[in-house]
Amino acid sequence: MGEEDARRAVAAAPAPALAAAAANPGAGLSGDRPRRAFGDLAGRRPVLAFLLRRVGAGLGTLLVVSLLLYVAVQVLPGDVAQIVLGRTATPERVAALRASLHLNQPLPARYLAWLTGMLTGHLGDSTAALAQGNTVPVWQAIHGPLGNSLVLAGITMVIFIPVCVVLGTLAALRAGRAADHVISLSALSVSALPEFLVGTLLIVVFFTELNLLSPIASISPGQTPFSDPAHLVLPVLTLLGISTAFGTRLLRASVAESLREDFVAMARLNGLSESRVIWRYALRNALGPSIQVIAQMIQYLVGGIIITESVFNYPGIGTALVQAVLVRDPQEVSVIAAILAAFYIGINILADLAVVLVVPRLRTRL
Amino acid sequence: MGARNKDGGLSRRQLLAGGAVGAAAFAGAPLLAACAGSTPKSGGAGASTPPLNPGPQSAGTPVKGGTLRVGLVTNGNAETLDVQKAINTPDYCRTDSLFDPLFFQAPSGTPGGVYPGLAVAAEPNADATSWVLHLRDGVTWHDGKPLTADDVVFTIRSWGSAASYFQPLASSIIDFKNVRKLSARTVQVPLVRGVAEFPSITSWYNGYVIQDGTTNFGKPVGTGPFKFGSFTPGTSSTFTANPDYWKGRPNFDALVVNSSFTDDPSRLNAILSGDIDTAPGVPQALAKANSGRMVIGNAAGPGFIAVCMRINEAPFSDLRVRQAFKLLIDRQAFVDNVFDGYATPGNDCIGSTLQYWASDIKATYDPQKAKSLLKAAGHESLSLELLTSPVVPGMVESGTLYASQAKAVGVTANIRQLSPSVYYSTASPGYATGQRPLSVNYWNVLPPSLSGFYLEALNAHAPFNETAWGLAAGQDKLFYDALAETDPAKAGDKWHAVQEMQAAQGGYITVANVNYVDAYSSKVRGIQTTSAGDLNNFTFRSGWLA
């Protein structure tokens, strides 16, 4: 009886489903799937459910980040009233200015007012400007720098992606040989140099010595980055130097790993042409990490290039943020930081989505 | 971008010189400049003094037209065109071009320190407690209205309002209630005490004349050589020439003040590449490194950096300690090492190049005497904190050099560096309070007279009393006496007595009187660096581009 019961029990329990359920919670039979957000949806439209979950989490993260940043500006020593008044600050003047700027209201109330404003599209006015009697809407002050940063990032990315793919693949294909050594070593050395050094060396070569390009990439009000495209060459080269060095090494590693897989050997044994093997098998399977690399570069390029902006005096969003922090402008810092945080989180979500779309296997493992 | 001579190849000096210009605001920049050492012009390293030089030539026939582009380090969204709230170089540069003062700050040697602006003359009564200002004829505002006494009365009264940064100084001497117009071209200004150099006070940046009834500076209307065009705070402003300017239409068609720069090497790069024409207020190390490649103006002025002692706080309440602290420093070393020769040794009397300044008083360097004074005062091994901050180049270096010289006489001055954002804050340790017994301070621009500076910082009621002067009974008597003396010969003697007292007992240890240093492209003419300030206190009306 025991033996037959055991056999019936084993027959009744679907073994593959058990194994699958152990490996992939959420996949397999409906009876075994744990409850999770958008449960039914996850069964029928896994990608959509995944996207909704990630967006939800992203919004939550954004909220927490905005709160932390708002508090961080208050915690920094010095405040906008003191800094704007500078030497002329006396306790009375500072108190009067803070009152007129509504800075002496309790922090939770101010944060809620700010948050409401952000959600309804009112980005407010720069506090430092108000302290000096000017009204400068934050959006007016930052939409130019934001656009400038996006242009620079866009141009760099358009060149970065093909260069990285080509160099990384080449290095992986010729792994261990001369081409690989040259590419990897130069990538390693350039990525070891600090940004301002790369930028400065480019200035010395192209301006001080060759007098070909301007060392300053500033943009007058009313002009766009494209008004004088030659000004963009050196900043883009500086950014490319850093990012392609980094990206090439990562791509080389992922392509090399993908070339070691069984299916590549199988494809070759089946007699497929080398270029087909590389394109359809090796590269496609190296796409997952590549997308992550590209996403990381985009994030870095939009908000994190303050040093390159400083060397070339390029009016990007990084410079705007640093200036706002130096003067402790609560409104401007919070708005810029929230926009950049939203951008970062959005890129993350898109990158993950792209990876999921490109790697079909992941869709059932969500 | 002009042509450039170059040696073959990229020599180490060229790389470092290029690096000095390109390597941004990192601590290495002055070091790189020092390594680059001699420029093609001067052969030796270190102690050569750069010559005093007004910069561009002013001889020749002016060329009409062109746009003057001035490059400044940004002050972000706090930049303003409001005369009453102008507080930094970008603000001064702009308001000086849009507006005029009653009297202009003059280069050294001009009696009274000023020359006529919108006021052609100022008559005091016998004891200088009441002044009558005579206004210039034929001056019109940018909107066409004529300048009247009502505008001047409104302006002077506005100096006393809480909205004006001029209020602390102005309210200490002006009796606002009784300022009144006597006729269409005369205004009476009664004072609360006698001030013989009153016209020099009116030349202060926040005192430039505004139109009667002005409430808003969104589209400012002034009488100045340039009219408002556009302004983006933290980025740039464009002004156009005023064809009806009372001194004659400027040669330039337009003035662009580009305040988008985040650091000084970028500004100098911009001059080399032709993106701007002049960069005022250049750090000394960069000026030295670039003196072969662009025109550098170098003028002695009243600006200074000083180690300040609060004379009513221990240990400085003991006069012997103050004297010891003054004797222990070798001021020439500061001029050579901290300011690269773009300065002169201080003598603890503020106001170098100003009228009545005691140039004959010299500071002594006597570390042995300093040691014995400290011993007599019972402070053989004194240990205290020296506050400083990199607000301007040279402040932190001055603090460090002072501390190392103080070590030689047994004083341990521990450097505490604050960030520039909090250096003038009222929070502890508050600026100009007893919470800072020993600190480094700087003054870049001053009201152009000893009266002006002493009213600001060296009397019991001074708004910026960094050294706690005047709090002991009778300490200010000599000062108020000199302040009111209208006879120039007697005033000279009285001010000398005031300064002798400062040198002997005061809290200022001026390490150096710092020069005004500006950089120009080779095309600029007619604008100079003078003791009145950078770019002759931002005077562009007589300049042109060759």
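About the criteria used
- Residues numbered from 1 in each chain as written.
- Chains lettered and ligands numbered in written order.
- Predicted model: local features only at pLDDT ≥ 70, side-chain atom pairs only at ≥ 80, totals over all residues.
- Heavy atoms only, no water.
- Helix = DSSP H or I, 4+ residues; strand = E, 2+ residues; numbered from the N terminus.
- Rg over C-alpha atoms; globule rule 2.2 N^0.38 Å.
- Buried < 20%, exposed > 50% of the residue type's maximum accessible area, 1.4 Å probe, protein only.
- Contact = heavy atoms within 4.5 Å.
- Areas by Shrake-Rupley, 256 points an atom, 1.4 Å probe, with all protein chains shown as cover.
- Phe/Tyr/Trp six-rings, centres within 6.5 Å; stacked < 30°, edge-to-face > 60°.
- Lys NZ or Arg CZ within 6 Å of the ring centre and 35° of its normal.
- Buried area = accessible area lost by both parts, 1.4 Å probe.
- Salt bridge = Lys/Arg side-chain N within 4 Å of Asp/Glu carboxyl O.
- Polar contact = N/O pair within 3.5 Å; in protein donor to acceptor, adjacent residues only side chain to side chain.
- Nonpolar A, V, L, I, M, F, W, Y, C, P; charged D, E, K, R; others polar.
- Pairing = 2+ DSSP bridges.
- Right-handed = clockwise from strand over helix to strand, strands pointing away.
- Axes fitted to C-alpha atoms, helices over the stretch in contact; angles between N-to-C directions.
- Expected span 1.5 Å × (residues − 1).
- Arc of directions from axis to C-beta.
- Domains from an automatic or database assignment.
- pLDDT = per-residue confidence, 0-100.

(A) Molecular detail of the overall build of chain B. Looking only at helices and strands, chain B has 17 helices and 21 strands in total. In terms of overall dimensions, chain B is globule-like: its C-alpha atoms have a radius of gyration of 24 Å, near the 24 Å expected for 546 residues. With respect to the three principal axes, the spread of C-alpha positions in chain B is 70 × 70 × 40 Å. For chain B, the proportion of its 546 residues judged to be buried stands at 58%. Long-range pairs, those at least 24 residues apart, make up 69% of the contacts in chain B between residues at least 6 apart in sequence. Roughly 19400 Å² of accessible area belongs to chain B as shown, and the carbon and sulfur atoms make up 53% of that amount.

(B) Spatial organisation of the packing of aromatic side chains. Per the stated rule, a full pass over the model turns up 27 aromatic pairs over all chains. When the centroid spacing of 5.2 Å and the interplanar angle of 25° are considered together, the rings of Phe104 of chain B and Tyr115 of chain B count as stacked. In this pair, Phe104 of chain B sits in strand S2 (residues 103–105) while Tyr115 of chain B sits in strand S3 (residues 114–116), placing the two residues eleven residues apart along the sequence. You can call Phe104 of chain B buried: its relative accessible area is 6%. The interplanar angle of 90° and the centroid separation of 5.1 Å between the aromatic rings of Phe316 of chain B and Phe325 of chain B together place this pair among those described as edge-to-face. Here Phe316 of chain B falls in the buried class, since its relative accessible area comes to 0%. Residue Phe325 of chain B is classed as buried on the basis of its relative accessible area of 0%. Among the aromatic residues, ring-to-ring pairing joins Phe304, Trp443, Phe453, Tyr454, Phe464, Phe479, Tyr480, Trp495 and Tyr508 of chain B into one connected group. Above the plane of the ring of Trp443 of chain B lies Arg87 of chain A, whose end atom (NZ or CZ) is 4.4 Å from the centre.

(C) View of the interface of chain B and chain A. Facing 57 residues of chain B, the contacting portion of chain A comprises 49 residues. Taking both sides of the interface into account, the surface hidden between chain B and chain A amounts to around 3900 Å²; carbon and sulfur atoms contribute 55%. Here chain B is connected to chain A by one salt bridge. Two residues, Glu466 of chain B and Arg87 of chain A, come together in a salt bridge whose shortest N-O distance is 2.9 Å. In this assembly, chain B and chain A are joined by 15 residue pairs in polar contact (both at pLDDT 80 or more). Secondary structure elements with two or more residues in the side of chain B that touches chain A: helix H1 (12–22), helix H5 (167–171), strand S8 (226–232), strand S10 (254–261), helix H7 (264–273), helix H13 (420–423) and strand S17 (438–443) of chain B. Per-class residue counts for the side of chain B that touches chain A are 24 nonpolar, 24 polar and nine charged.

(D) Quick peek at unusual backbone geometry. The omega torsion across Ala314 of chain B and Pro315 of chain B is -5°, close enough to zero to call that bond cis. One non-glycine residue, Asn211 of chain A, lies in positive phi territory at about 55°. Examined against the element boundaries, Asn211 of chain A turns out to sit in the loop between helix H11 (195–209) and helix H12 (233–259). Asn211 of chain A gets classed as partly exposed once you look at its relative accessible area, which sits at 25%. A positive phi angle, close to 75°, is found at Thr353 of chain B, a residue other than glycine. Judged by its relative accessible area of 18%, Thr353 of chain B is buried.

(E) View of the pairing of strand S15 (residues 383–388) of chain B. Residues and elements named next belong to chain B. Relative to strand S16 (residues 412–417), S15 is paired through six bridges, and the arrangement is parallel. Among the inter-strand pairings, Glu385 is bridged to a residue of S16, identified as Asn414. A crossover links S15 with its parallel partner S16, the connecting element being helix H12 (residues 395–407), and its sense is right-handed.

(F) Here's a closer look at the sheet that holds strand S7 (residues 186–190) of chain B. Residues and elements named next belong to chain B. The four strands lie next to each other as S4-S5-S7-S6, forming an open sheet whose pairing is antiparallel. Each edge of the sheet is formed by a strand with only one pairing partner; in this case those strands are strand S4 (119–124) and strand S6 (180–183). Between one strand and the next, the sheet's axes are offset by a mean angle of 25°, whatever the strand orientation.

(G) Quick look at helix H16 (residues 488–505) of chain B. All names here are of chain B. Along its 18 residues, H16 runs 25 Å from first to last C-alpha, staying within 8% of the 26 Å computed at 1.5 Å per residue. Ala491, Trp495, Val498, Gln499, Met501 and Gln502 are the residues of H16 that are buried. On an axial view of H16, the arc spanned by its buried residues comes to 150°, and they lie on one face. Along H16, the residues that are exposed and aim more than 90 degrees away from the buried face are Ala489 and Asp493.

(H) Geometry of the domain arrangement of chain A. Residue and element names in this part refer to chain A. Splitting chain A by domain gives domain 1 (49–131) and domain 2 (138–365). On a C-alpha basis, the centres of domain 1 and domain 2 stand 31 Å from each other. Facing the 28 residues of domain 1 at the interface are 22 residues of domain 2. Here domain 1 meets domain 2 over a buried area of about 2200 Å², counting both sides, of which 74% is carbon and sulfur.

(I) Structural context of the confidence of the model for chain B. Residue and element names in this part refer to chain B. Residue-level pLDDT values for chain B average 90, and 91% of them are 70 or greater. This model gives residues 1–11 a pLDDT under 50, and the stretch forms 18 contacts once residues within four places in sequence are excluded. Every residue in residues 13–46 scores below 50 in pLDDT, and together they form 57 contacts with partners more than four places removed in sequence or on other chains. Reported confidences for the modelled complex are a pTM of 0.86 and an ipTM of 0.82.

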